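This is what each chain is made of:
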Amino acid sequence: MDIHLANNGETGDQLRSVKDEIEDHLCVKEEINEVNALILQSDIKNETKLSIEDICIQNKINELSVSILQSVKTNMDDNFKFFNEKQYVDKYFLIYNKKQQSEDVCLRIHTNKIMLLTVAKGNDILLLNKNIQEINFNIHNSDRTRIKVVGKRKLGAKPIHPESIICQVKLEGESFMRNIRAGVTGYIVEINQKVKEDPNLLISDPKGMGFVAILMLKGQRDQHDEILNNMPLLTEEEYIKALKDRNRINIK
């Protein structure tokens, strides 16, 4: 605030006016300081009265200030599983045909007992590491891609048994078609259209977008666990052991 001092010629009233103005200015400054002191005291009290929830929130905010990779703890990384691993249990059906060709399939059983049919790691389609040139879903004049189901009871689903052929593929450099079978007794609910458009997804992403079809078990839902237990399906560990035994026989 600019205050001009009076010249010698100014009257006493003018001097008194200047004095009052200075005093008013000092009073305002004092009031501002008092308000600031009260605000500071209030902030200190609030800080000392933080709840456990407030402290947790503040800690989370501080954690978010670091990069995503730094925020992931080692044990979280070691135990991390993708969605398609957490929600499914994998079971395997061994198929070794008369030509000594492996047609093994993997059934990815969801918690609701709907299954994704995929090519197993021991299937020659994966082992031979060749591109798929052709895929055929028209089996015995029945086009699997035209299956349409209706309602909760999945009316219109196609009945199948473990040896039923779901589709056939031709690998690069081969003149014959290889079969992909159902591996389970139940129904075809839907064919994966993405595989029809890009057959090599069967090889590049068998446990992701490269599943062959969606299958459903036969029987009532409350009987599904018992039905699965009575089928000749192998766990992951049992399947790996079976592959080792098969390889030893082939070497001999």
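About the criteria used
Residues numbered from 1 in each chain as written. Predicted model: local features only at pLDDT ≥ 70, side-chain atom pairs only at ≥ 80, totals over all residues. Heavy atoms only, no water. Helix = DSSP H or I, 4+ residues; strand = E, 2+ residues; numbered from the N terminus. Buried < 20%, exposed > 50% of the residue type's maximum accessible area, 1.4 Å probe, protein only. Contact = heavy atoms within 4.5 Å. Areas by Shrake-Rupley, 256 points an atom, 1.4 Å probe, with all protein chains shown as cover. Pairing = 2+ DSSP bridges. Axes fitted to C-alpha atoms, helices over the stretch in contact; angles between N-to-C directions. Phe/Tyr/Trp six-rings, centres within 6.5 Å; stacked < 30°, edge-to-face > 60°. Salt bridge = Lys/Arg side-chain N within 4 Å of Asp/Glu carboxyl O.

A.B. asks: Could you give an account of the overall build of the protein chain, with specific residues and numbers?
C.D. replies: Of the regular secondary structure elements, the protein chain holds 10 helices and 11 strands. For the protein chain, buried positions account for 32% of its 252 residues. The contacts of the protein chain with a sequence gap of at least 6 include a subset with a gap of at least 24, amounting to 59%. For the protein chain, the accessible area works out to roughly 17,700 Å², and carbon and sulfur atoms hold 52% of it.

A.B. asks: Pulling in residues and values, what's your account of the sheet that holds strand E10 (residues 186-191)?
C.D. replies: One open sheet holds the six strands; their spatial order is E1-E2-E3-E11-E10-E7, and the pairing between them is antiparallel. At either end of the open sheet lies a strand with only one pairing partner, and these are strand E1 (88-93) and strand E7 (158-160). Pairs of neighbouring strands in the sheet enclose a mean axial angle of 35°, with direction left out of account. The sheet contact formed by strand E3 (residues 114-119) and strand E11 (residues 213-217) spans four bridges and is antiparallel. For Met 115, the partnering residue across the bridge sits in E11 and is Leu 215.

A.B. asks: Account for the packing of aromatic side chains, naming residues and giving values.
C.D. replies: Evaluated as defined, the whole model comprises one aromatic pair. With centroids separated by 4.3 Å and ring planes inclined at 0°, the aromatic side chains of Tyr 92 and Tyr 239 adopt a geometry described as stacked. In this pair, Tyr 92 is assigned in strand E1 and Tyr 239 in helix H10 (residues 236-251), connecting sequence segments 147 residues apart. As far as burial versus exposure is concerned, Tyr 92 and Tyr 239 are alike and both buried.

A.B. asks: If you had to explain the pattern of salt bridges to someone new, which residues and values would you point to?
C.D. replies: If the charged atoms of two oppositely charged side chains come close together, the side chains can form a pair. Taken as a whole and assessed by the stated rule, the structure comprises 13 salt bridges. Asp 124 is the partner of Arg 178 in a salt bridge, and the nearest nitrogen-oxygen pair spans 3.8 Å. With a gap of 54 residues between them, Arg 178 in strand E9 (residues 178-181) and Asp 124 in helix H6 (residues 124-127) connect regions that are remote in the sequence. In this pair, the class of Arg 178 matches that of Asp 124, namely buried. A salt bridge links Lys 130 to Glu 174, with the nearest nitrogen and oxygen atoms 3.9 Å apart. Here Glu 174 lies in the loop between strand E8 (165-171) and E9 and Lys 130 lies in the loop between H6 and strand E4 (132-136), a separation of 44 residues in the sequence. Among the residues examined, Lys 130 registers a relative accessible area of 30% and is labelled partly exposed.

The values reported here are purely geometric and, on their own, carry no functional implication.
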